[in-house]
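Coordinate analysis (summary)
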Amino acid sequence: MIDYLIAILIFAGIYGFVALGLNIQWGLTGLINLGQVAFFAVGAYTFALLSKAGVPFLLAVAVATTLSGVFGAAVAMFTPRLREDYLAIVTLGFSEFVRLVLLNEKWLAGGPDGVAGVPRPASFPGLGSETSFLIVTALALAFAFWFTRRIERYPIGRTLKAIREDEGVVTSVGKVALAYKTKAFLLGAALAGLGGAFFASYLSYISPDMFGPNVSIYVLAAVLIGAQGSSVATLLSTALVAALLEGTRLLKDYITFVDGVELAALRLMVLGLALIAIVMVRYRPGRP
Amino acid sequence: MEFKIYLISALVMAAIWSLPAAAISLIYGVLRYPNFAIPEFMTLGAYLTLLLCGFSLPLWAAGLLAAVVTGLIALAVDQTAFRFVRKAGILPPVLLSLGLMLVLQNFVRFGWGNGNLQFPILPMRPFIIAGFIITPVQAAIIGLVVVILAGVFLGLRYTEFGRAVRATSTNPELAIVTGVQPERVYGAVLFAAGFLAAVGGIVLATETSLNPLLGWRVLIPLFAVAILGGLGSVVGAALAAVLVGLTSEFSLFILPSSYKTALAFLVLTLVLLVRPSGLVKSRS
């Protein structure tokens with residue numbers, strides 16, 4: 001039971017990075033990103049390939065984070081002045097594009113077989129691998145949390161919020177909105193990549209089918225429950241979503257009347273229904 | 001020879017894409033949001049057809065019934081969920097459609113599993129006309145799609161209700177002032193979109209096979225087609241479908257076939273960057 005709890009906490013932490021990243025883009029700056037899983041995947045694969053090649057844990061994490069950030073900045077720079085709805089389509093399309101590349105380029109990342117044998121960081125003396133990993137994840141998440149809090153409170157955060165409220169005003173005081181939007185996308189994507197690195201390390205095996213749109217929807221739901229804004233609320237709601245979804249994964253041992261595929265399908269149906277319910281509550285008529 | 005094979009295959013792809021793309025385009029034009037659940041209505045329509053075929057209905061009857069039922073489901077979801085966020089901007093319906101996408105796709109997965117299934121149709125000898133090889137199923141798909149598209153086009157153009165739909169698309173406030181009831185228009189558009197998407201899914205499944213990812217796999221080409229066609233324009237969607245179909249088939253000369261969807265994504269991004277109003281300027 002305690003093992004299950006640790007697993008849920010680790011998953012909550014991993015999705016916490018991704019959700020904190022989405023919160024910078026969407027919650028703070030108002031840029032919708034339906035393809036956060038793309039940057040998650042870039043981080044996961046970069047980390048997996050590097051650490052299998054013998055690169056030390058911290059360096060592999062740093063490179064994975066940076067490369068995801070570069071991808072994020074590139075997406076933002078290629079889509080300047082794109083309307084909200086078009087940005088939604090492009091980001092969703094981009095995430096599927098990334099998945100297709102990973103699926104088809106066997107030389108790069110093993111194609112459909114994925115990458116196996118991704119190492120974990122060394123365990124702390126006297127502690128198990130799972131517990132050690134939880135501690136490392138928690139430390140990294142604390143750092144990411146401190147970092148996003150700083151962004152929220154510092155001038156850059158105020159500018160990003162101002163872009164969300166009225167881009168014209170920001171431009172009129174001489175700030176280049178595109179540069180700030182690019183920064184927001186870069187930071188958000190980098191955090192997703194950081195989460196991806198931990199994801200690959202924890203599971204030790206990754207394959208393209210793990211990076212479908214449901215991961216993006218996971219974190220969208222979490223940020224939405226957290227009312228798009230504060231990092232604290234985002235982290236708490238991510239923990240809630242992870243507990244609900246990863247928690248139901250554990251039901252597999254107790255529920256025998258549905259098979260694995262059916263249970264997986266049921267969990268994703270519940271996620272879809274939950275997203276619908278959250279949106280209905282959050283945007284019900286008469287709410288500002 | 002190779003050229004003729006690719007041409008037929010491009011036209012069949014275009015025919016299959018044009019109906020669901022028209023559905024996306026109609027919803028976008030009238031309700032102004034991209035509906036990511038449309039590809040899942042394709043999947044649902046195909047699986048409902050399979051279900052009905054199991055009751056020894058002929059394929060055409062099963063397909064028609066399934067398409068109507070899918071249209072009704074689309075209408076019901078609109079009335080129970082989307083209706084309540086009509087005035088809340090573009091984001092809420094987008095998020096709702098994402099949620100709906102997950103629900104529908106996994107409903108099918110829950111019911112029928114992950115495997116590939118086939119409609120009960122026998123393989124038939126292809127026609128050869130002037131060197132073009134076309135199977136009877138492909139010929140039927142192209143014919144059916146042309147008839148349905150013509151029907152939608154004429155309906156929008158020349159009927160009273162079609163005029164109300166176009167008016168709501170162009171200027172909702174003015175349409176209301178002139179006595180159009182927008183909710184009736186929205187309802188009809190959603191039913192039509194569900195119906196068109198289902199027919200698209202059924203014909204796609206006849207050409208390929210049934211799979212829970214049937215619709216999801218064509219999401220990007222569909223949005224490329226709908227946007228390239230100028231959102232809200234059914235004729236535009238059909239023309240754009242032919243163009244994207246030709247591009248992606250003839251790309252096979254230089255790219256592996258697994259990259260068809262990726263290519264559609266590049267087309268989509270280019271169109272959004274260079275000419276977001278689409279090829280055919282819609283009349284709004």
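Note that the structure is predicted; figures quoted are calculated from it, not measured.

Quick notes on the overall build of chain B
Within chain B, the secondary structure is distributed over 11 helices and two strands. Listing each helix as α and each strand as β along chain B from the N terminus yields α-α-α-α-β-β-α-α-α-α-α-α-α. A compact globule built from 284 residues should have a C-alpha radius of gyration of about 19 Å, and chain B, at 18 Å, falls within 12% of that. Dimensions along the principal axes, computed over C-alpha positions, put chain B at roughly 55 × 45 × 35 Å. The buried share among the 284 residues of chain B stands at 55%. In chain B, the share of contacts with a sequence separation of at least 24, taken over all contacts with a separation of at least 6, comes to 77%. Of the roughly 11,900 Å² that chain B leaves accessible, carbon and sulfur atoms contribute 71%.

Notes on the overall build of chain A
What chain A contains, in helices and strands, is 12 helices and two strands. Walking chain A from its N terminus toward its C terminus, one meets helices and strands in the order α-α-α-α-α-β-α-α-α-α-β-α-α-α. Expressed as lengths along the three principal axes of its C-alpha atoms, the size of chain A is roughly 55 × 45 × 40 Å. The 288 residues of chain A split such that 55% are buried. Long-range pairs, those at least 24 residues apart, make up 78% of the contacts in chain A with a sequence separation of at least 6. Counting only carbon and sulfur atoms, one obtains 69% of the accessible surface of chain A, whose full area is about 12,200 Å².

Details of the packing of aromatic side chains
All told, the structure shown has 24 aromatic pairs over all chains when counted by the stated rule. Between A:Phe11 and A:Tyr202, the ring centres sit 5.7 Å apart and the planes meet at 90°, which makes this aromatic pair edge-to-face. One end of the pair, A:Phe11, is in helix H1 (residues 2–28); the other, A:Tyr202, is in helix H9 (residues 177–203), with 191 residues separating them in the sequence. Of the residues examined, A:Phe11 reaches a relative accessible area of 10% and is grouped as buried. When its relative accessible area of 8% is taken as the criterion, A:Tyr202 is described as buried. Directly above the aromatic system of A:Tyr180 lies the positively charged group of A:Lys183, at a separation of 4.7 Å from the ring centroid. Between B:Lys4 and the ring centre of B:Phe132, over which it is positioned, the NZ or CZ distance is 5.3 Å.

Brief notes about the environment of A:Ala144
Residue and element names in this part refer to chain A. With respect to the element layout, Ala-144 can be found in helix H6 (residues 129–153). For Ala-144, a relative accessible area of 2% puts it in the buried group. When the C-alpha atoms of Ala-144 and Phe-17 are compared, they prove to be 7.1 Å apart, with 127 residues separating the residues in sequence. Among residues more than four places away in sequence, those in contact with Ala-144 are Phe-17, Leu-20 and Leu-191.

Notes on the packing of helix H2 (residues 38–53) of chain B against helix H4 (residues 91–112) of chain B
Residue and element names in this part refer to chain B. Relative orientation of the contacting elements H2 and H4 amounts to 25°, with a least axis distance of 9 Å. Taken together, H2 and H4 sit at an angle that is classed as roughly parallel. Every pair of crossing elements has a handedness; the one defined by H2 and H4 is left-handed. Where H2 approaches H4, its residues Glu-40, Phe-41, Thr-43, Leu-44, Tyr-47, Leu-50 and Leu-51 are matched on the opposing element by Leu-100, Met-101, Leu-104, Gln-105, Phe-107, Val-108 and Trp-112. A per-class count over the contact of H2 with H4 returns 11 nonpolar, two polar and one charged.

Some words on a nonpolar patch on the surface
There is a patch of nonpolar side chains on the surface, built from A:Phe78, B:Leu270, B:Leu273 and B:Val274 and spanning about 440 Å² of accessible area. A per-element tally of the nonpolar patch places helix H11 (residues 260–274) of chain B first, with three residues. Mapped onto the secondary structure, B:Val274 falls in helix H11. Residue classification places B:Val274 among the exposed residues on the basis of a relative accessible area of 66%.

Definitions and cut-offs
Residues numbered from 1 in each chain as written. Chains lettered and ligands numbered in written order. Predicted model: local features only at pLDDT ≥ 70, side-chain atom pairs only at ≥ 80, totals over all residues. Heavy atoms only, no water. Helix = DSSP H or I, 4+ residues; strand = E, 2+ residues; numbered from the N terminus. Rg over C-alpha atoms; globule rule 2.2 N^0.38 Å. Buried < 20%, exposed > 50% of the residue type's maximum accessible area, 1.4 Å probe, protein only. Contact = heavy atoms within 4.5 Å. Areas by Shrake-Rupley, 256 points an atom, 1.4 Å probe, with all protein chains shown as cover. Phe/Tyr/Trp six-rings, centres within 6.5 Å; stacked < 30°, edge-to-face > 60°. Lys NZ or Arg CZ within 6 Å of the ring centre and 35° of its normal. Axes fitted to C-alpha atoms, helices over the stretch in contact; angles between N-to-C directions. Parallel < 35°, antiparallel > 145°, perpendicular 65-115°, else oblique. Left-handed = near helix turned anticlockwise from the far one by under 90°. Nonpolar A, V, L, I, M, F, W, Y, C, P; charged D, E, K, R; others polar. Patch = residues over 30% accessible without salt bridge, like charges linked within 9 Å, V, L, I, M, F, W, Y side chains within 5 Å. Salt bridge = Lys/Arg side-chain N within 4 Å of Asp/Glu carboxyl O.

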